[in-house]
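Chain residues, written in single-letter form:
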Amino acid sequence: MARPWLHLCICLQIPGFCTNLLLLQTPENILAQTNSKTEILCELKKEHAGVYWYRWSQERQNFQFLIFSSLLGKATYGTNISQDKFGVHGGNSHTSYSLHISHLHASDNGTYYCSVSQSSQLLLGSGTRLGVVDVLPLPQKTTQAPLSKKPTRCVTKRKASSKKGACSPLVWVPLAASVLVLLLSLVPTAHRFYRLRRRLWLRIHRQ
């Protein structure tokens, strides 16, 4: 296996690693707790002979080879890489591979890359940043905004008056005022009618 020239190719790309859209890595970020385990998925869109996994450590400023998984499922580990800690699982279609990391520790912090060799070039995935902490932060509580009271409008008064019916003052006060005006307008007419009736009665008795 031509791992030495692959290492050289990678080293020439530091610090600006070349990523390729033919390799899709998920998730982009992982925050895990100490002594737990995690998984990184790599999807391939071109034919390949196997998948390499590397880790870039910002603190130590080095690019470390972790494991190579061939199409036959054979795994080759890098120097001082524990087989109990790292493992690669591949799908039947050879287009999806996942890197499993167990017994997480602070030394596992870094950015993990899957890569394949294509035409004497090393294509890198988009990278997955892994952070290991002793205690995971608590999820932020979502505060619900207080319900705003609906403003009282004239609609409310109209609804209230419709419920009270004819007994509501809004109904009988205008009605009473209308009746009073009508009665006052009938007083002069009634007085004229009374005077006319009296004149006719006096004229009849004089004859």
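Conventions we followed
Residues numbered from 1 in each chain as written. Predicted model: local features only at pLDDT ≥ 70, side-chain atom pairs only at ≥ 80, totals over all residues. Heavy atoms only, no water. Disulfide = S-S within 2.5 Å. Helix = DSSP H or I, 4+ residues; strand = E, 2+ residues; numbered from the N terminus. Pairing = 2+ DSSP bridges. Salt bridge = Lys/Arg side-chain N within 4 Å of Asp/Glu carboxyl O. Buried < 20%, exposed > 50% of the residue type's maximum accessible area, 1.4 Å probe, protein only. Core = buried A, V, L, I, M, F, W, Y, C linked by side-chain atoms within 4.5 Å. Contact = heavy atoms within 4.5 Å. Phe/Tyr/Trp six-rings, centres within 6.5 Å; stacked < 30°, edge-to-face > 60°.

Focus: the state of the cysteines
Here, disulfide denotes a covalent bond that connects the sulfur atoms of two cysteines.
Item 1. Across all of its chains, the model carries one disulfide by this definition.
Item 2. Two residues, C42 and C114, share a disulfide whose sulfurs are 2.1 Å apart. Here the disulfide of C42 and C114 is right-handed, its torsion about the S-S bond being about 65 degrees. Residue C42 is found in strand β3 (residues 38-44), and its partner C114 is found in strand β9 (residues 110-118); the two are separated by 72 residues along the sequence.

Focus on the pairing of strand β8 (residues 96-101)
Item 1. Of the pairings in the sheet, the one linking β3 to β8 comprises six bridges and is antiparallel in character. Bridge pairing in β8 places C42 opposite Y97.
Item 2. Inspection of the sheet shows strand β7 (residues 86-90) paired to β8 by five bridges, in the antiparallel sense. In the strand pairing of β8, G90 is matched with Y97.

Re the environment of K46
Item 1. Mapped onto the elements of the fold, K46 is located in the loop between β3 and β4 (50-57).
Item 2. On a C-alpha basis, the gap between K46 and H94 in space is 9.9 Å, while along the polypeptide they are 48 residues apart.

Description of the pattern of salt bridges
Item 1. One pass over the structure, following the stated rule, counts two salt bridges.
Item 2. A salt bridge links R55 to D108; the shortest N-O distance between them is 3.5 Å. One end of the pair, R55, is in strand β4; the other, D108, is in the loop between β8 and β9, with 53 residues separating them in the sequence. In this pair, the class of R55 matches that of D108, namely buried.
Item 3. Notably, a salt bridge pairs D108 with K85, separated by 2.7 Å at the nearest N-O pair.

Brief notes about the nonpolar core
The tendency in soluble globular proteins is for nonpolar side chains to be buried side by side.
Item 1. In terms of nonpolar packing, the biggest core is built from 23 residues, with W53, L66, L99, I101, Y112 and L130 touching the most fellow members.
Item 2. Other than its neighbours up to four places away in sequence, L130 contacts I30, A32, T38, I101, L104, D108, N109, G110 and Y112.

What to know about the pairing of strand β2 (residues 29-33)
Item 1. Along β2, the buried face is formed by I30 and A32; none of N29, L31 and Q33, which line the opposite face, is buried.
Item 2. Of the pairings in the sheet, the one linking β2 to strand β11 (residues 128-133) comprises five bridges and is parallel in character. Its bridge partner lying in β11, A32 is registered against V132.

Thoughts on the packing of aromatic side chains
Here the distance between the centres and the angle between the planes together describe a pair of aromatic rings.
Item 1. Per the stated rule, a full pass over the model turns up seven aromatic pairs.
Item 2. An angle of 45 degrees between the planes, with centres 4.4 Å apart, marks the rings of Y52 and F68 as tilted. Residue Y52 is located in strand β4, and its partner F68 is located in strand β5 (residues 62-70); the two are separated by 16 residues in the primary sequence.
Item 3. Y52 gets classed as buried once you look at its relative accessible area, which sits at 7%.
Item 4. Centroid distance W56 to F63: 6.3 Å. Interplanar angle 35 degrees. Geometry classified as tilted. Here W56 and F63 have matching classes, each one buried.
Item 5. Grouped by ring-pair contacts, the aromatic residues Y52, Y54, W56, F63, F65, F68 and Y113 constitute a single cluster.

Purely geometric stuff here, so don't read any function into it on its own.
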